[in-house]
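Residues per chain are reported as follows:
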Amino acid sequence: MALDFEQVYKAHFTDVYKYVLSLSRNATIAEEVTQETFFKALRKIDQFNGSCKLYVWLCQIAKNTYFTLHQKQSRHTAVDDAVLSGITHDIENDYLDKNIAKRLHILLHNLNEPYKEVFTLRTFGELPFSQIGELFDKTDSWARLIFYRAKNNYRRV
């Protein structure tokens, strides 16, 4: 299958970037992971067999790349957190913000798939239901239903 990689890059860069941004919630990381995704895709383009949409294939590479990077960074986070915890101006507000963030993180972490990923893509990535459905090879109605159920799990807690 002969693909013009420049056209692939131009057609899908923004969407892949938005997808990674929804996972990372960090523009710098999203940019880095997206670039790495296209670098990997260029090297492996001959392995793309057309069994799924090209966009979905690219997002799968991006997701794997992001989680690999995330695992590497998690090892260093404990040290960074220890250093940063000593720098606080308003301990009470910091505590409340950290407590809320921790509760939200735990709630999100405890959601089962696909609820967790659909909720993250919709809420943080602001992806339309049509793209979310496409990523899972489902309909936009399916994505709406999964998002609705995930949202209801948050409300119950």
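Just so it is clear, the structure is predicted and the values come from calculations on it, not from any experiment.

Calculation notes
Residues numbered from 1 in each chain as written. Predicted model: local features only at pLDDT ≥ 70, side-chain atom pairs only at ≥ 80, totals over all residues. Heavy atoms only, no water. Phe/Tyr/Trp six-rings, centres within 6.5 Å; stacked < 30°, edge-to-face > 60°. Buried < 20%, exposed > 50% of the residue type's maximum accessible area, 1.4 Å probe, protein only. Salt bridge = Lys/Arg side-chain N within 4 Å of Asp/Glu carboxyl O. Helix = DSSP H or I, 4+ residues; strand = E, 2+ residues; numbered from the N terminus. Core = buried A, V, L, I, M, F, W, Y, C linked by side-chain atoms within 4.5 Å. Contact = heavy atoms within 4.5 Å. Axes fitted to C-alpha atoms, helices over the stretch in contact; angles between N-to-C directions. Parallel < 35°, antiparallel > 145°, perpendicular 65-115°, else oblique. Left-handed = near helix turned anticlockwise from the far one by under 90°. Nonpolar A, V, L, I, M, F, W, Y, C, P; charged D, E, K, R; others polar.

Draft legend 1. Layout of the packing of aromatic side chains. For the structure on display, the rule yields 8 aromatic pairs. Arranged with centres 5.2 Å apart and planes meeting at 50°, the rings of Phe136 and Trp142 form a pair that is tilted. Judged by relative accessible area, Phe136 falls into the partly exposed class, the value being 24%.

Draft legend 2. Looking closely at the pattern of salt bridges. On inspection of all chains with the given rule, the structure shows 4 salt bridges. The shortest N-O distance in the salt bridge between Lys10 and Glu6 comes to 3.2 Å. Taken together, the positions of Lys10 and Glu6, both in helix α1 (residues 5-24) and 4 residues apart, correspond to about one turn of that helix. Between Glu134 and Lys53 there is a salt bridge; the shortest N-O distance is 3.9 Å. Here Glu134 is found in helix α6 (residues 129-135), whereas its partner Lys53 is found in the loop between α2 (27-44) and α3 (54-84), with 81 residues between them in sequence. Take Glu134: its relative accessible area is 26%, and that puts it in the partly exposed class.

Draft legend 3. Seen up close, the nonpolar core. Of all hydrophobic cores here, the largest spans 39 residues; its most connected members are Val16, Tyr19, Trp57 and Leu58. Looking at this core, the elements with two or more residues in it are α1, α2, α3, α5 (115-123), α6 and α7 (140-156). In terms of residues, this core owes the most to one element, α3, which gives 10 residues. Setting aside anything within four residues of it in sequence, one finds Leu58 in contact with Val8, His12, Val16, Thr37, Phe38 and Ala41.

Draft legend 4. Region of the structure containing the side chain of Thr37. The residue Thr37 is located in helix α2 in this model. Note on Thr37: relative accessible area 0%, which makes it buried. When sequence neighbours within four positions are dropped, the list of residues in contact with Thr37 reads Val16, Leu58, Ile61, Ala62 and Thr65.

Draft legend 5. Geometry of the packing of α1 against α2. Closest axis-to-axis distance for the α1/α2 pair is 8 Å, and the angle between their directions is 140°. In terms of their interaxial angle, α1 and α2 are classed as oblique. As α1 packs across α2, the resulting crossing turns out to be right-handed. Within the contact between the two elements, α1 uses Phe5, Val8, Tyr9, His12, Phe13, Val16, Tyr17, Val20, Leu21 and Ser24 and α2 uses Ala27, Ile29, Ala30, Glu31, Val33, Thr34, Gln35, Thr37, Phe38, Ala41 and Leu42. Among the residues forming the contact of α1 with α2, the class breakdown is 15 nonpolar, 5 polar and 1 charged.

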